[in-house]
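Geometric and topological summary
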Amino acid sequence: MIEKQPIGLAQELDALTGAPAAHRGPRCSVGALLEAADADVAASLRAALDTTNVSATAIAETLSRYGDAVTAYTVNRHRGKPNGCRCE
């Protein structure tokens, strides 16, 4: 326990809550693809991601045929399973 409250401590702690989160590691490849894709491709990908009976493996294999390798783990993470993704 801090016995003496330093001047400015509350302000510095408040500033921490307003600061943007620091991201570690590489950017989500699914999010990057969504951002870079044209409107039709992005809409189709969002629809596939939102359709639960379309497997992450099927999405990853399809995306990988048209560009950089994407894994099913990345697709699942972007979908919010199990760890969630850094994309908004």
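Everything discussed here concerns the structure shown above.
Summarised in this report is the structure supplied together with it.

Rules used in this analysis
- Residues numbered from 1 in each chain as written.
- Predicted model: local features only at pLDDT ≥ 70, side-chain atom pairs only at ≥ 80, totals over all residues.
- Heavy atoms only, no water.
- Helix = DSSP H or I, 4+ residues; strand = E, 2+ residues; numbered from the N terminus.
- Buried < 20%, exposed > 50% of the residue type's maximum accessible area, 1.4 Å probe, protein only.
- Contact = heavy atoms within 4.5 Å.
- 1 Å grid on protein atoms, 1.4 Å probe; cavity = no way out; pocket = protein on both sides within 12 Å on 5 of 7 lines; lining within 4 Å.
- Points joined across faces, edges and corners; volume = space filled by probe spheres on them.
- Nonpolar A, V, L, I, M, F, W, Y, C, P; charged D, E, K, R; others polar.
- Core = buried A, V, L, I, M, F, W, Y, C linked by side-chain atoms within 4.5 Å.
- Arc of directions from axis to C-beta.
- Axes fitted to C-alpha atoms, helices over the stretch in contact; angles between N-to-C directions.

As a further point, take the overall build of the chain. Across its full length, the chain holds five helices and zero strands. Along the chain, helices and strands appear, N-terminal first, in the series α-α-α-α-α. Buried positions account for 17% of the 88 residues belonging to the chain. In the chain, the share of contacts with a sequence separation of at least 24, taken over all contacts with a separation of at least 6, comes to 46%.

In this section: the layout of surface pockets. Taken as a whole, the largest pocket holds about 310 Å³ of empty space. Looking at the largest pocket, it is lined by 14 residues, and the ones nearest its centre are Leu33, Val41, Thr62, Leu63 and Tyr66. By residue number, the principal contributor to the lining of the largest pocket is helix H3 (residues 39-50), which donates four residues. Its residues placed into classes, the lining of the largest pocket shows nine nonpolar, four polar and one charged.

Attention now goes to the nonpolar core. Counting residues in each nonpolar core, the largest one holds twelve residues, listed as Cys28, Val30, Leu34, Ala42, Leu45, Leu49, Ala56, Ile59, Ala60, Leu63, Val70 and Val75. For this core, the secondary structure elements donating two or more residues are helix H2 (29-36), H3 and helix H4 (56-65). By residue number, the principal contributor to this core is H4, which donates four residues.

This part is about the environment of Ala48. Its location among the elements puts Ala48 in helix H3. Exposure remark for Ala48: the relative accessible area of 21% places this residue in the partly exposed category. Along the chain, Ala48 and Ile59 lie eleven residues apart, while their C-alpha atoms are 7.3 Å from each other. Not counting chain neighbours up to four residues away, the residues in contact with Ala48 comprise Val54, Ile59 and Arg79.

What H4 keeps buried is the set Ala56, Ile59, Ala60 and Leu63. Considered in projection along H4, the buried side chains sweep an arc of 95° and stay on one side of the axis. At its buried positions, H4 is contacted by H2, H3 and helix H5 (72-78).

This part covers the side chain of Thr74. Looking at where Thr74 falls in the secondary structure, it is placed in helix H5. In this structure Thr74 touches Cys28, Ser29 and Val30, once residues within four positions along its chain are discounted.

Between H2 and H3, the shortest axis-to-axis distance is 8 Å and the interhelical angle comes to 145°. Contact residues: Val30, Leu33 and Leu34 in H2; Ala42, Leu45, Arg46 and Leu49 in H3. Looking at the contact of H2 with H3 residue by residue, the classes come out as six nonpolar, no polar and one charged.

Coordinates in, geometry out; function isn't part of it.
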